[in-house]
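Examination of the molecular architecture
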Amino acid sequence: MKRNWKNWLKKAGVRAIKTVSQTAAATIGTSAMLGEVNWIALASASVLAGVLSLLTSVAGIPEEDK
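Quick look at the structure, then.

A tally of regular secondary structure across the protein gives 2 helices and 0 strands. Partitioning the intrachain contacts of the protein with sequence separation of at least 6 by distance along the chain shows that 74% fall at a separation of at least 24. Looking at the protein as shown, the accessible area adds up to about 5,100 Å², and 68% of this sits on carbon and sulfur atoms.

Below, the discussion takes up the environment of A24. The topology assignment puts A24 in helix α1 (residues 5-34). Spatially, the C-alpha atoms of A24 and W39 are 9.7 Å apart, while their sequence positions differ by 15 residues. Ignoring sequence-local partners within four residues, the contact set of A24 consists of L42 and S46.

Look at α1 against helix α2 (residues 39-59): their axes get within 8 Å of each other, and the N-to-C directions meet at 150°. The angle between α1 and α2 places the two elements in the roughly antiparallel class. Every pair of crossing elements has a handedness; the one defined by α1 and α2 is right-handed. Across from W8, A12, G13, R15, A16, T19, V20, T23, A24, T27 and I28 in α1, the residues of α2 making contact are W39, L42, A45, S46, A49, G50, S53, L54, S57 and V58.

How each quantity is defined
- Residues numbered from 1 in each chain as written.
- Predicted model: local features only at pLDDT ≥ 70, side-chain atom pairs only at ≥ 80, totals over all residues.
- Heavy atoms only, no water.
- Helix = DSSP H or I, 4+ residues; strand = E, 2+ residues; numbered from the N terminus.
- Contact = heavy atoms within 4.5 Å.
- Areas by Shrake-Rupley, 256 points an atom, 1.4 Å probe, with all protein chains shown as cover.
- Axes fitted to C-alpha atoms, helices over the stretch in contact; angles between N-to-C directions.
- Parallel < 35°, antiparallel > 145°, perpendicular 65-115°, else oblique.
- Left-handed = near helix turned anticlockwise from the far one by under 90°.

Okay, structure coming up:
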């Protein structure tokens, strides 16, 4: 099965950016309730979420046309 890597990379990238944004928003919201935002923890959690999203995309992207 031939893959269009450029198309896959675009879709996986969009998916990862959405995941990073969602993680950052949730972390900021939770931290704000506790009183102070730990920016290092925010960046770490967001980057990790993005990496995990890309690794998950290796298994397959539902948005990808079959």
